[in-house]
Structures are given as C-alpha cells and as structure tokens.
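Survey of secondary and tertiary structure
Below, each chain spelled out in residue letters.
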Amino acid sequence: MDIRKLAVTGASIVAGWLFKTKKRRFVSDYLRKIDSICSVHSVNRDKCREHLLEMKGEALRLFEKGKIDESQFAVIDTKLAQRLKGLG
C-alpha cells in the first residue's frame, strides 16, 4: 500500500512540474513573439502597433476562455503595454 501512495505522490509531483513548465514555456514563447514582431516591423511603427493590438486581443480571448491564467495574462499584457507605449 505504501508503494502505491509513493507512486501517486510521485506522479502528482511530476504532473505539477510539467504543467508549471508548460505555462512558463507558453509565456516565454509569447514574449519572444512580441519581440520578434517588433523587430520585423521596426521600420513600420503602424504595422507593429497593429500586430501588437491583435496580440493583445488574442491574449484577452485566451484569458476569457481559461486557456491562460491571470498571472500569465498579466505578464503578457504588461509586455504588450510597454511595447505599445514605446511606439508612441
């Protein structure tokens, strides 16, 4: 019986770690995507702003659907707001 408890505990720890890693990877990938868009459209500020606003809407939809949690949304939204503010 103790081996089963140990196996369940181990499995739950691994599952939690994988879930947390997946969340972190999603945010990191999204932040890289923001930087990439700004690099690609560095000459055309209007095009950059347009893409960033689309990403802001996408992030909001993901949050409303429960695909990302509040902390993920806050990090992404903050980064987008900084980039948009930098565009003037």
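Each value, and the rule that gives it
- Residues numbered from 1 in each chain as written.
- Predicted model: local features only at pLDDT ≥ 70, side-chain atom pairs only at ≥ 80, totals over all residues.
- Heavy atoms only, no water.
- Core = buried A, V, L, I, M, F, W, Y, C linked by side-chain atoms within 4.5 Å.
- Buried < 20%, exposed > 50% of the residue type's maximum accessible area, 1.4 Å probe, protein only.
- Helix = DSSP H or I, 4+ residues; strand = E, 2+ residues; numbered from the N terminus.
- Contact = heavy atoms within 4.5 Å.
- Salt bridge = Lys/Arg side-chain N within 4 Å of Asp/Glu carboxyl O.
- Axes fitted to C-alpha atoms, helices over the stretch in contact; angles between N-to-C directions.
- Parallel < 35°, antiparallel > 145°, perpendicular 65-115°, else oblique.
- Left-handed = near helix turned anticlockwise from the far one by under 90°.

**Quick word on the nonpolar core**
By size, the foremost hydrophobic cluster in this structure holds 14 residues, and its most contacted members are Y30, I34, L52, M55, I76 and L80. Among the secondary structure elements, those contributing two or more residues to this core are α1 (2-40), α2 (45-64) and α3 (70-87). Apart from residues no more than four positions distant in its own chain, L80 is found in contact with I34, L52, M55 and K56.

**Quick look at the pattern of salt bridges**
Scanning all chains against the criterion turns up five salt bridges. Put simply, K79 and D35 hold a salt bridge, and the shortest N to O gap is 3.3 Å. With a gap of 44 residues between them, K79 in helix α3 and D35 in helix α1 connect regions that are remote in the sequence. Under the relative-accessibility criterion, D35 is labelled partly exposed at 26%. Its salt-bridge partner being R83, residue D35 comes within 2.7 Å of it at the nearest N-O pair. In this pair, D35 sits in helix α1 while R83 sits in helix α3, placing the two residues 48 residues apart along the sequence. In this structure R83 comes out as partly exposed when scored by relative accessible area, which is 30%. Taken together, the shared-partner salt bridges in this structure form one network comprising D35, K79 and R83.

**Focus on the packing of α2 against α3**
Viewed as axis vectors pointing N to C, α2 and α3 meet at an angle of 165 degrees, and their least axial separation amounts to 10 Å. The angle between the axes of α2 and α3 places the two elements in the roughly antiparallel class. The two elements α2 and α3 meet at a crossing, and its hand is left-handed. Residues R45, C48, R49, L52, L53, M55, K56, A59, L60 and F63 of α2 touch α3, and the partners they reach there are E70, F73, I76, D77, L80, A81, R83, L84, G86 and L87.

Such coordinate-based values are descriptive only and should not be taken to indicate function.
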